[in-house]
Each structure stands twice: as C-alpha cells, then as structure tokens.
Amino acid sequence: MPIKFEEKRKIFHLYTSNFSYYMHVNKYNYLIHLYHGNYLSDISKERVSERYMERYAFVDNGKEVQDEDYYFSTFASKFECAPYGKHDKRNPFAVINDKSNIDITNFLYVEHKMYPGVDPHFTMPYPRFTAKECQTLEIILKDEYRDIYLHMYYTISEKYNILVRHSKVVNKTNEPIYVHKFSAMELDFDNDDMDIVAYHGSWGSERQKEVIPLNHSLTEISDNHGERGFYYNQNILLKSKDATLDMGEVYGFGLMYSGDFSYQFKVDEINQTRMIVSYNPENFMFTLNKDEELYSFAVLCVHSNEGINKVTQIFHDVARDKIIRETWAKKERPILINSWEAMYMNFDTDRLIKFIDKAKEAKIDLVVIDDGWFGHRDDDKSSLGDWFINTKKVDLQKIADYTHSSGLKFGLWFEPEMISPDSELYKVHPEYALYADNVKNPTLQRHQLVLDSINPEAREHVLNQIFKVVDALKPDYIKWDFNRYLSEAYSKYLTTEHKKETYHRFVLASYSMFNAFITRYPNILVESCAAGGGRFDFGMLYYTPQIWCSDETDIAIRAKINYSTNTFYPLSTQGTHVSMRKNGSIRDKACLAFFGTYGYEMDITKSSDEDIKTIQFMNDLFKKYHSVVTKGDYYAIYDPYTTNYVSWNVVSKNKKKCLVYFMIFNKEQTHARFIKLKGLDKNKYYFNSLTNDIYKGDFYMNVGLNISAEFGSYDSMLFVLEEVNSIPAKIYRKTKQVDGGKREKLLW
Ligand code: GLA
C-alpha cells in the first residue's frame, strides 16, 4: 500500500518507487508538510520542521503559554493548509467569511481515512484509476473557530508514479458562509532555488514557454477569461535551476480543470516558498448554506529526478491510459481535411462534392465541414444557436451521404456554448445569453455572446437541436468550438446570493454538455477547439480525446507551440494540420503535423499533381507509423526556445521503432551537428531512414546521427528507425533506382 500512517509520531508517508510525500500532525493538531521529493525510507520530523526563530507563544486563560521547543512556528512552518488571518502572512489556502465579517480560519486535524480507489463523491474530471491502481488518503480538518470542515484528498498511484490532489469544504454551521478563495492544494518548499516554467499565449501563439525565477513578490500564473486558457495554460513545471531535459529535479503540475485558476508562488522572509493552487479568486465567491459543500478541481502532481522528459512521460501515460475515454485512448486517428482554410464559409454542394472527391484521391479518411452550414450564416455575424441546416446554401444531407458512400468519414463543426444576437434563438430567448441583468450593452466578441448554459433550459434547447442534426447526418467526428471568452458574466438563472458562482458553474455546465453528447454518441470522435488552442487542458481531455492545437499552422510558429504542448499532453491528443501558410513546403509542414492527429487545412482541389502525390505519400507513411505517435514514449531533444532547432523522438514501448523530428529555424552553413537520440535499447540494432544505415542503439544515443550539412530556414526532417535483428553482411540501403538506373534515390 503506497500510504502509511505511523501512529506514534503521527507521520503520513505517501510514496511510489520514485518519490515520497511526508506530513505529520503536530501537538497542536496542525497538519505540517515535511517533505516531497525523491523516495526516502524514513524522516525525522523534528529536524526537518525545526525553525530557529521566536518560539510559538499564545495567551491561554489570561496567561502567556510558550512552547519549549523550536519545532513549530505558526509564522514559518510548512503547512498543508496554512491558517489565514493569524501569524502566517504567506499566501493563504482559503479565505472564508461569514455574517460576522470575521474570516480568520485555522484548520486543525480531526481524523483521516484511507481507502483503495478514488474519492467516490468527486464528479469533476479525474483520472479513471481502478481500486487496484491507487489508494486515497482523506484527511479531515476542522476550523478552530467555526463548524467548517476541510477534507484534503491525496490519491497516489504507484503504477503511474503520480499523486493527485483535491479538497472539499463543508459548512456545518447554521449560517451561510462565503468562500472567497479555495484551493485544491498547498505545497510549501524549504527553499527558493527553483524556476517556474509556465506557458502563456494568445490566438495563434498558444503555450509559449516562459521561465520565471521564484522571488519574494507574489508571482501568479493564472487565467481569468472563463474557459479559454490562452493567457496561461493550466499546467506548469517547477524545476531546480540546474535541471535539464534529462537530468535534475522537476515537479510537474497539471490541472484537470478548464476554468479560471491560479497558481500563487511566494518566497517568504526566510526564503521558503509557498505554492497555492486554487480557483482564481477573481470572479469567484461561493455561498454555502448549512451542509452544503464545495469541491476544488483535481491537480496531477508529478515528480522526477531525471529531468523534464520523465515528467512528460508520466503525464502522457496517465492521460492516455486514465484521462482520455477508453474508446479513444490509444486508437489511431483518421487523417482529416477541414473545409475552414480551404473555403471559409464560401461553399455550396458542388464545391464540397469536388472537395470530397479530391480528398478520396489524396487518401484522406475524414472530411470535416467547418463553420457556415447552419442558420443563415455566411460570415461570423450571425446564427450561433440556430443549429439547423441552411438548406438554401447547401444540401448537407447529400454531402454527408456522399462522403459516406465514397468510403470516407464525415465530420461537422458546432459552437454549442455561444449565441449570436442575430439568431432565431436570441429573438425568442434573449435571456439565454450570459450577461448581468443590469448590463444593457453586453460586449460582443467576434459578434457573439456566450450562451448561459448554467440555465438547464438553454443547455437542453441547444443540445436537442444538435442531436437532431447529428441523428440525421450521422457524422463520425465533431469539432466543438468556443470562440470568445466570458465578460459581464453573471447568470440570470442564478439567484443573487449565487451570482458570483457564475464562472465556475459555467465550467460545470460545459462539462455536463460534453457529457450529454458523448454519452449519447460514445463512438463519435469529438475534437474540442477554442479559437484555435485556447481550451487545451486535462479537463477537456477527459471528455474530448483530441483538441485543436492552434489556428497557426505556419511551422515557424507552430513548432514552438507543439513543443510546449508536447511537454504535458500526448501527441495523439493534438490536432495538427498541414496548411498553405507561408514558411516551409507541404512536406516540411507534414513532418511537424505527423506528430499529432494529422490532417489538412487547404483547398486540395487547387493542389498540383505533385502536391497530391506528396500528400498521398505522407498519408501512407502516417498510417504505417501512427501507432508509434499514439502509444510511444516522447523525448524532447532540442528546445526551440533556447536553440535554433526543434527536435524530438518518439520510441515505441517495445523499443522496436522510433520516429525522429528535426527542424531548423534560421539558415545555417555547414557545421558539425549531431542529433543524439533518446530512449532506444542500447543493445538493439536499428536501421535508420535518414542515412539508410544500421547502427546499435548506444551509437545513436551517444554519438548521434551526423547532420553536419548546410540547412535552409525551416528545413525539416522526419525519419524512422526500425529494429533489425543483427547487422546484415552488406549494409542494407533502402533506395530505389531512378532515371533508368543511372541514379540511386533514397526512398525518404
Ligand atoms: C475558430 C477555429 C477555426 C475555425 C473557426 C470557424 O477560429 O479555431 O479552426 O473552426 O473558428 O469559425
């Protein structure tokens, strides 16, 4: 069992073979954090928690009581849920007010439970661990001053080398309480010699890596847009300053939540660091009446002493095995072509038929009709909410049937959580739009408002319309978009006392819409999207097995977006397409898109014969090796944020196959350059399609592949390594004779 409680010293030890998490209940019933790092077989609580500073003292019955030992300080000890309004002046775990307007909070240990499996009452996204795969420690604490209970959950899976945390607050007083801040977890560190690696972004440049040193001011990595995490992604790393891709101590945190969040870091007066992960306290206040409770979201906590790549692999394995729905977890994805960049909203039945024919010729599997098929929508100014086919514009039934009868899959775009002021729906139900009652001129973004999906009637109305279309057209794939963020957002459906709950309740409403859809259509592949990759998080992945990564498909920018996204999210979850954007050839773009779900964003009816041949060739290649992408172990090789290159390799779990990607940003003359591969079996022999040679795994990993040639900007390489059982007598060269046998050409 990966959780132990030592009764005598009141020490909890949570562990896997790689890491340990220690905490203890002190004599005042504070839950003290002791350690979180490499596996440790035992710990001395005194020496670890000792702080050489003023002794803990307080007044009891009019007399000063002074603690005789140094072990505890309410000012500087490391807590699991620090008190608020008392001596600890660091960033608080929870801020809870009541009618008295006094919000001092001090949660003290009451009892704990341990059980196999996960918290059975938690309903938000969570890894789908079985009872055999994990154990949960639930610690119950009570506020010293009021009947408010805090439950802290620690679910640990030895198999997946991961700790998952969440918490719950319960009001047992007879009056309402007002929760202004509530956290999923707190983590206190002994020192400040670490960097935060966070991923900020905007439309077309999602998840840009940013390294932020810990410091004494409050550093906040957060988002307040309401379900569009462009500004900061929900996941971060916290790494020791000398940690690299393959060495050193790295903590990874991943939120299973698609709404507003906040990571707060603060280095205190004696250079310790506190990390708090909470709902973003902005746009947040929950009223809990007697016996009501509020859950936090879940946080995936990963630790590695082998650098960032190890953290990445743990996230990928957990996401593929336990977050994505089983139907799609490791299933290979169809190669798709999307109508958006090919024709935007300018299509009709004939144009689409030609598009489908060409897609078939190009060996594409799935044709997706994007925005513009419903209501009276010819531009982005109308019709969201009117989910019925614009039959004057397009015979979509014919298109769906034609696609299917051509042996291809059919896909359709929706944006269910939005409403256009110019729509039938808004005319009849203006109250379905999400904005505060006193706002007469709600802000439009992309000419649209957000649907008040907290209102079950609005939610059901939209879903029922969508169900009708889906039942008729029988799509195999849905792209579920979300093109603006929340503003003036106070649900008309909520009563005054609950209005400030809108942002979080909106996320729950979205989850319930996704859930309703996938429960009704478990076999439809749903790809979520938010103005490109604005809603890319583990919460979404729980419902939709793939997410459109970015509207930017120019490899000059996209390579960096993909590199950051790869750090946390499996390649099989990332919508990646080849387009006609400026930099790089179709082949260069395909090399990058290959490491994702793969597809096209272009009008192939206008492509040259040569381009169609390249597309056919890449599609065959993709089908042959896609399983390595969906199931293999990922290793970053060159970081595009610190070098002129971007490179990674993916190795199948049985180490028989490996795919390598390399791209250069700015032209470079010939100079010595080697790509050292990672994760191969050092004793296996592999044929590589770059030089058509066979070398041993240790050669590829220690000497590397020699690419000391001249490169032009955005030149890209994709090559394959396959195990061969021994070195054949004559080195095997995979080439073909061309020009009537005069020339030998490498196959690829
Ligand atoms: C968003 C998506 C695009 C496309 C458009 C359609 O911007 O990211 O891929 O679907 O919406 O309006």
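Keep in mind that this is a model prediction, so the values were computed, not measured. (Residues numbered from 1 in each chain as written. Predicted model: local features only at pLDDT ≥ 70, side-chain atom pairs only at ≥ 80, totals over all residues. Heavy atoms only, no water.)

Caption draft 1: Structural context of the sheet that holds strand E3 (residues 19-25). Ordered in space as E1-E2-E3-E4, the four strands form an open sheet in which the pairing is antiparallel. Since the sheet does not close on itself, it has two edges, and those belong to strand E1 (3-6) and strand E4 (31-38), each with one partner. For this sheet, the mean angle separating the axes of adjacent strands, direction not counted, is 15 degrees. (Pairing = 2+ DSSP bridges. Helix = DSSP H or I, 4+ residues; strand = E, 2+ residues; numbered from the N terminus. Axes fitted to C-alpha atoms, helices over the stretch in contact; angles between N-to-C directions.)

Caption draft 2: Focus on the pairing of strand E35 (residues 633-638). Burial of E35 is extensive: six of the six residues sit out of reach of the surface. Across five bridges, E35 lies against strand E36 (residues 645-651) in antiparallel orientation. Note that in E36 the partner of Ala636 across the bridge is Trp648. Here E35 folds back onto E36, and the loop between the two strands holds six residues. (Buried < 20%, exposed > 50% of the residue type's maximum accessible area, 1.4 Å probe, protein only.)

Caption draft 3: The arrangement of a nonpolar patch on the surface in detail. Among the surface-exposed residues, Ile102, Ile104 and Tyr145 lie close enough to one another that they form a single nonpolar patch of about 270 Å² accessible area. When you line up the elements, Ile102 lands in the loop between strand E7 (95-98) and strand E8 (107-116). (Patch = residues over 30% accessible without salt bridge, like charges linked within 9 Å, V, L, I, M, F, W, Y side chains within 5 Å. Areas by Shrake-Rupley, 256 points an atom, 1.4 Å probe, with all protein chains shown as cover. Salt bridge = Lys/Arg side-chain N within 4 Å of Asp/Glu carboxyl O.)

Caption draft 4: Looking closely at the layout of surface pockets. Each pocket or cavity is described by its volume, and for the second largest pocket that value is around 310 Å³. With six residues, the single largest contributor to the lining of the second largest pocket is helix H9 (residues 502-520). Here the residues of the lining of the second largest pocket are counted per class, giving eight nonpolar, five polar and three charged. (1 Å grid on protein atoms, 1.4 Å probe; cavity = no way out; pocket = protein on both sides within 12 Å on 5 of 7 lines; lining within 4 Å. Points joined across faces, edges and corners; volume = space filled by probe spheres on them. Nonpolar A, V, L, I, M, F, W, Y, C, P; charged D, E, K, R; others polar.)

Caption draft 5: Spatial organisation of the packing of helix H5 (residues 349-361) against helix H6 (residues 396-405). In the contact formed by H5 and H6, the axes pass within 10 Å of each other and the chain directions differ by 15 degrees. Looking at the two axes, H5 sits roughly parallel to H6. Here H5 runs over H6; the crossing is right-handed. When H5 is examined against H6, the residues Thr349, Leu352, Ile353, Ile356 and Asp357 are found in contact with a partner set consisting of Lys398, Ile399, Tyr402 and Thr403. In terms of residue class, the contact of H5 with H6 is made up of five nonpolar, two polar and two charged. (Parallel < 35°, antiparallel > 145°, perpendicular 65-115°, else oblique. Left-handed = near helix turned anticlockwise from the far one by under 90°. Contact = heavy atoms within 4.5 Å.)

Caption draft 6: Seen up close, the pattern of salt bridges. For the structure on display, the rule yields 50 salt bridges. Linking Asp190 and Arg51 is a salt bridge whose minimum nitrogen-to-oxygen distance equals 3.2 Å. Residue Asp190 is found in the loop between strand E13 (183-189) and strand E14 (194-200), and its partner Arg51 is found in the loop between helix H1 (45-49) and strand E5 (57-60); the two are separated by 139 residues along the sequence. For Asp190, a relative accessible area of 44% puts it in the partly exposed group. According to the relative accessible area criterion, Arg51 is buried, its value standing at 11%. In this structure, Arg535 engages Glu417 in a salt bridge whose closest nitrogen and oxygen atoms are separated by 3.0 Å. Taken together, the positions of Arg535 in the loop between strand E30 (525-528) and helix H10 (538-543) and Glu417 in the loop between strand E26 (409-414) and strand E27 (418-419) put the pair 118 residues apart, joining distant regions of the chain. Given the relative accessible area of 0%, Glu417 is considered buried. Overlapping salt bridges, with partners in common, bring together Asp88, Arg90, Glu186, Asp188, Asp268 and Arg274 in one network.

Caption draft 7: Spotlight on the side chain of Ser453. Following the sequence through the fold, Ser453 ends up in the loop between strand E28 (449-450) and helix H8 (456-473). With residues near it in sequence (within four places) discarded, Ser453 still touches Arg459, Phe506, Ala509 and Met513.

Caption draft 8: Inspection of the site of the ligand at higher detail. Of all residues adjacent to the ligand, which total 13 residues, the nearest are Asp370, Asp371, Lys479, Gly532 and Asp551. Measuring from an oxygen atom of the ligand, one finds a side-chain N or O atom of Asn483 at 3.2 Å. Alone, the ligand offers 310 Å² of accessible surface; in the complex the protein occludes 96% of this. Of the residues belonging to the shell around the ligand, the class tally is five nonpolar, two polar and six charged. (Near = heavy atom within 4 Å. Polar contact = N/O pair within 3.5 Å; in protein donor to acceptor, adjacent residues only side chain to side chain.)

Caption draft 9: Seen up close, the nonpolar core. Core analysis: the biggest nonpolar cluster contains 204 residues, and Phe253, Trp373 and Phe517 have the highest contact counts within it. The element contributing the most residues to this core is H9, with nine residues. Discounting chain neighbours no more than four positions away, the residues touching Trp373 are Phe347, Trp387, Phe388, Ile389, Asn390, Val394, Leu396, Leu412, Trp413, Phe414 and Val469. Ranked by size, the runner-up nonpolar core spans 20 residues in total, among them Ile664, Ile675, Tyr686 and Met717. (Core = buried A, V, L, I, M, F, W, Y, C linked by side-chain atoms within 4.5 Å.)

Caption draft 10: Quick look at the packing of helix H11 (residues 555-566) against helix H12 (residues 586-593). At their nearest, the axes of H11 and H12 sit 11 Å apart, and the two run at 10 degrees to each other. Taken together, H11 and H12 sit at an angle that is classed as roughly parallel. Facing Ile555, Arg558, Ala559 and Asn562 of H11, the residues of H12 in contact are Asp588, Lys589 and Leu592.

Caption draft 11: Structural view of the packing of aromatic side chains. Counted by the stated rule, this structure contains 68 aromatic pairs. Ring centres of Trp340 and Tyr344 lie 4.9 Å apart, and the angle between their planes is 80 degrees; on these two criteria the pair is classed as edge-to-face. A residue is classified by how much of its surface remains accessible, and Trp340, at 18% relative accessible area, is buried. With centroids separated by 5.8 Å and ring planes inclined at 70 degrees, the aromatic side chains of Phe467 and Tyr521 adopt a geometry described as edge-to-face. Of the two residues, Phe467 is situated in helix H8 and Tyr521 in the loop between H9 and E30; the sequence distance between them amounts to 54 residues. There is no split in this pair, since Phe467 and Tyr521 are both buried. By the ring-pair criterion, three or more aromatic residues cluster together here, those being Phe467, Trp480, Tyr511, Phe514, Phe517, Tyr521, Tyr542 and Tyr543. A cation over an aromatic ring shows up here: Arg128 above the ring of Tyr542, its NZ or CZ 3.8 Å from the ring centre. (Phe/Tyr/Trp six-rings, centres within 6.5 Å; stacked < 30°, edge-to-face > 60°. Lys NZ or Arg CZ within 6 Å of the ring centre and 35° of its normal.)

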